[in-house]
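Breakdown of the fold
Here are the chains, one letter per residue:
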Amino acid sequence: YQRPYVWTEKEWEPLWDAIEWAAAQPSQSNRPRPYFLGAMVLEQLRRPTACLNERQIIDGQQRLLTLQLCLAAIRDLCGALQLTDYRDAFRRLTENDSPVARTEEDRFKVWPTNFDRLLFRNVLSAGSIEGVKGLKTSTESGERIRDAYLYLSARAREWIEQDDATPRERVAGLWTTLTDRLQVVAIDLEPDDDAQQIFESLNALGVKLLPADLVKNYLLRQAEVQDQDVENLYQKYWEQFDSDQKHWRAEVRQGRLTRPRLDLFLQHYLTLRTRREVLAANLFG
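Residues numbered from 1 in each chain as written. Predicted model: local features only at pLDDT ≥ 70, side-chain atom pairs only at ≥ 80, totals over all residues. Heavy atoms only, no water.

1. With respect to helix α7 (residues 140-160)
Taking 1.5 Å per residue as the helical rise, α7 with its 21 residues ought to reach 30 Å, and the 30 Å between its terminal C-alpha atoms agrees with that figure. The N-capping residue of α7, defined by a side-chain oxygen 3.0 Å from the backbone nitrogen of Gly 142, is Thr 139. (Helix = DSSP H or I, 4+ residues; strand = E, 2+ residues; numbered from the N terminus. Expected span 1.5 Å × (residues − 1). Polar contact = N/O pair within 3.5 Å; in protein donor to acceptor, adjacent residues only side chain to side chain.)

So this is what it looks like as structure tokens:
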């Protein structure tokens, strides 16, 4: 029930700058300064014995997806440079190996919200910059996923091609940075923790959530608690809003104010159903 991918160059650039900053830190007694990427909130999922250990992302999906795209981009650059050992090492940071990876969902370390899965899978499976450039998508979030890979690939190539060291040495620096010098705080929720409340409070950061995003999250979360088929409910009732983001998230004027079309739609729908005025700003709360 997470949002589709919404990050753009506005977020990709500082992330890559952070990677470069961490890579440039001198080693002092083998303890270089790390870079803190923030907190991620995870919820342990119940799975049968011998199945892959899984966690649901409550907060941090955009960062995790972007980091996976970055790792895939560097992996493919290593392949192009014939650095097969590093190519394989970076691949292991994005994919699970058999026997735990039994299904398509098990293959990747991070699996995005249902709407973005096809393009994310195709980008991570393309194997080259040319392959990613040739991918077609009709969705705005799909374009962002593809463009994130291409942007990070271009920045990584620039960094690797600097002439103060060999490509292998530069790639080794990226490997050390991405495995040792970037830090996050992983918050694992207890069974009685209110995941919805934590999600709302933490998402004051990053790309602002629409009230409609909070409504979607709440409804699908409640469905999951009631053991309903969340995938089916999403596809039946909400996927249409994610599939045409340019239409539903576009700002439209109503009176003196402008609001995303999806928020206005929910406002009018709730006003109709409740037979009392519902303000767009109070859709969720």
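2. Some thoughts on the sheet that holds strand β1 (residues 35-44)
Pairing is mixed in the open sheet, where 3 strands are placed in the order β2-β1-β3. With partners counted over all chains shown, the strands left at the sheet margins are β2 (55-59) and β3 (182-188), one partner each. Going across the sheet, the axis of each strand differs from the next one's by a mean of 40 degrees, ignoring polarity. Two elements, β1 and β2, share 4 bridges in a ladder whose sense is antiparallel. Bridging from a neighbouring strand, Glu 43 pairs with Gln 56 of β2. Each of β1 and β2 touches helix α2 (residues 61-80); the most contacted strand, β1, lies at about 110 degrees to it. In the packing of helix α8 (residues 167-181) onto the sheet, contacts are made with β1 and β3, and the angle to β3 comes to roughly 30 degrees. (Pairing = 2+ DSSP bridges. Axes fitted to C-alpha atoms, helices over the stretch in contact; angles between N-to-C directions. Contact = heavy atoms within 4.5 Å.)

3. Things to note about the side chain of Asp 76
The residue Asp 76 is located in helix α2 in this model. By relative accessible area, Asp 76 is classed as buried at 9%. (Buried < 20%, exposed > 50% of the residue type's maximum accessible area, 1.4 Å probe, protein only.)

4. Some details on a nonpolar patch on the surface
Together, Phe 36, Val 185 and Ile 187 make up a nonpolar patch on the protein surface, roughly 260 Å² of accessible area in all. Checked against the element boundaries, Val 185 lands in strand β3. (Patch = residues over 30% accessible without salt bridge, like charges linked within 9 Å, V, L, I, M, F, W, Y side chains within 5 Å. Areas by Shrake-Rupley, 256 points an atom, 1.4 Å probe, with all protein chains shown as cover. Salt bridge = Lys/Arg side-chain N within 4 Å of Asp/Glu carboxyl O.)

5. Description of the packing of helix α3 (residues 84-91) against α8
Look at α3 against α8: their axes get within 11 Å of each other, and the N-to-C directions meet at 20 degrees. The orientation of α3 relative to α8 falls into the category roughly parallel. Judged by the sense of rotation from one axis to the other, the crossing of α3 with α8 is left-handed. Where α3 abuts α8, its residues Asp 85, Tyr 86, Ala 89 and Phe 90 lie against Arg 168, Val 171, Ala 172, Leu 174, Trp 175 and Leu 178. (Parallel < 35°, antiparallel > 145°, perpendicular 65-115°, else oblique. Left-handed = near helix turned anticlockwise from the far one by under 90°.)

6. Observations concerning unusual backbone geometry
The backbone of Gln 82 shows a phi angle near 65 degrees, a positive value even though the residue is not glycine. Counting through the fold element by element, Gln 82 comes out in the loop between α2 and α3. In this structure, Asp 227 takes a positive phi of about 60 degrees despite not being glycine. With respect to the helices, strands and loops of the structure, Asp 227 is situated in the loop between α10 (211-225) and α11 (230-243).

7. Details of the packing of aromatic side chains
Summed over the entire model, instances satisfying the criterion amount to 10 aromatic pairs. Where Phe 90 meets Trp 175, the ring centres are 5.2 Å apart and the plane angle is 90 degrees; that geometry is what we call edge-to-face. Taken together, the residues Phe 90 in helix α3 and Trp 175 in helix α8 connect sequence positions 85 residues apart. For Phe 90, a relative accessible area of 0% corresponds to the buried category. Judged by centre distance (6.1 Å) and plane angle (75 degrees), the rings of Phe 108 and Phe 120 are edge-to-face. One end of the pair, Phe 108, is in the loop between α4 (104-107) and α5 (117-126); the other, Phe 120, is in helix α5, and 12 residues separate them in sequence. Assigned by exposure class, Phe 108 and Phe 120 land together as buried. (Phe/Tyr/Trp six-rings, centres within 6.5 Å; stacked < 30°, edge-to-face > 60°.)

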